[in-house]
Structures are given as structure tokens and as C-alpha cells.
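The residues making up each chain are set out below.
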Amino acid sequence: MSDEMNGPGADPVKWCSGCDEVKPLDEFTRQRGTRDGRRSRCKACVSAWGVEWRARPEVHKRLTAYSAEYRARPGNRERARATTAAWRKRRQQKEQQRMEQGNE
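Structural notes, computed from the coordinates. (Residues numbered from 1 in each chain as written. Predicted model: local features only at pLDDT ≥ 70, side-chain atom pairs only at ≥ 80, totals over all residues. Heavy atoms only, no water.)

## Regarding the overall build of the protein
At step 1: Each helix and strand in the protein was counted, giving three helices and two strands.
At step 2: Going from N to C terminus, the protein has its helices and strands arranged as β-β-α-α-α.
At step 3: Within the protein, buried positions represent 12% of all 104 residues.
At step 4: Considering only intrachain contacts with a sequence separation of at least 6, the fraction spanning at least 24 residues in the protein is 18%.
At step 5: Put simply, the protein shows about 8,800 Å² of open surface, and 51% of that area lies on carbon and sulfur atoms. (Helix = DSSP H or I, 4+ residues; strand = E, 2+ residues; numbered from the N terminus. Buried < 20%, exposed > 50% of the residue type's maximum accessible area, 1.4 Å probe, protein only. Contact = heavy atoms within 4.5 Å. Areas by Shrake-Rupley, 256 points an atom, 1.4 Å probe, with all protein chains shown as cover.)

## Describing the pattern of salt bridges
At step 1: One pass over the structure, following the stated rule, counts six salt bridges.
At step 2: Residue arginine 73 pairs with glutamate 69 through a salt bridge whose shortest N-O separation is 3.2 Å.
At step 3: Classification of glutamate 69 as partly exposed rests on a relative accessible area of 46%.
At step 4: Residue arginine 98 is joined to glutamate 95 by a salt bridge in which the shortest nitrogen-to-oxygen separation is 2.7 Å. (Salt bridge = Lys/Arg side-chain N within 4 Å of Asp/Glu carboxyl O.)

## Focus: the packing of aromatic side chains
At step 1: Evaluated as defined, the whole model comprises two aromatic pairs.
At step 2: Relative to tryptophan 53, the ring of tryptophan 49 has its centre 5.9 Å away and its plane inclined at 15 degrees; by these criteria the two rings are stacked. You can see tryptophan 49 and its partner tryptophan 53 sitting in helix H1 (residues 43-55), four residues apart, about one turn around the helix.
At step 3: Of the residues examined, tryptophan 53 reaches a relative accessible area of 25% and is grouped as partly exposed.
At step 4: Of note, lysine 14 hangs over the ring of phenylalanine 28, and the distance from its end group to the ring centre comes to 5.9 Å. (Phe/Tyr/Trp six-rings, centres within 6.5 Å; stacked < 30°, edge-to-face > 60°. Lys NZ or Arg CZ within 6 Å of the ring centre and 35° of its normal.)

## Comments concerning the environment of cysteine 45
At step 1: Within the secondary structure, cysteine 45 sits in helix H1.
At step 2: Taking the C-alpha atoms as reference, cysteine 45 lies 9.0 Å from serine 17; in sequence the two are 28 residues apart.
At step 3: In contact with cysteine 45, not counting residues within four places along its chain, are Cys16, Gly18 and Cys19.

The following block contains the structure:
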């Protein structure tokens, strides 16, 4: 039961394999490799699964160890800081443009 229409002019809907409910298509994230271009689980189910998965002790331990190892590699800490600084600067510029457009 992929995309289906409820009638003329109706918004497309899709069945979620996680919660077994039919939901509007905008509640599913995009995924290029699928036939309809959307994931099989809705955003809420994917989020709940991620929270549950990361809360598992063995996963948490592995993620923490990987993060520490990554930061310990030469150049990674500085590269991450530079990337974050550049993102913040772009974000501030976008916000400034939005504010200017709103005042016109």
C-alpha cells in the first residue's frame, strides 16, 4: 500500500510499517533508493527507534568511544571547529537577510 489517494484533490498518504497507520506523505522522510522516494517508517517511528537504539548501553559505549577516538586524531578537532564556525557565520547571514526582507 504505497502512495494512495483518498479521492480527487486529496493529499497522498502512505502506510507506516512501524506504527501500522496510514499517514500523510509529508510525515515520511525522503529516501532516494525506494520506489516512491520515501522511507517505509514515519518520522515519529524513526525518531523513537533512534532514541531507543542510542539508549542501549553497548551502543552508547561504542558511540562515546568513537567520538573520543575521532577527536584525538590529528587535525580533526580544529577541522570540526572551523566547519562549525563557517556554518554559524552562514546561518547568521541568512538570518540577517530574512530580517531585512521582513522589514521591507
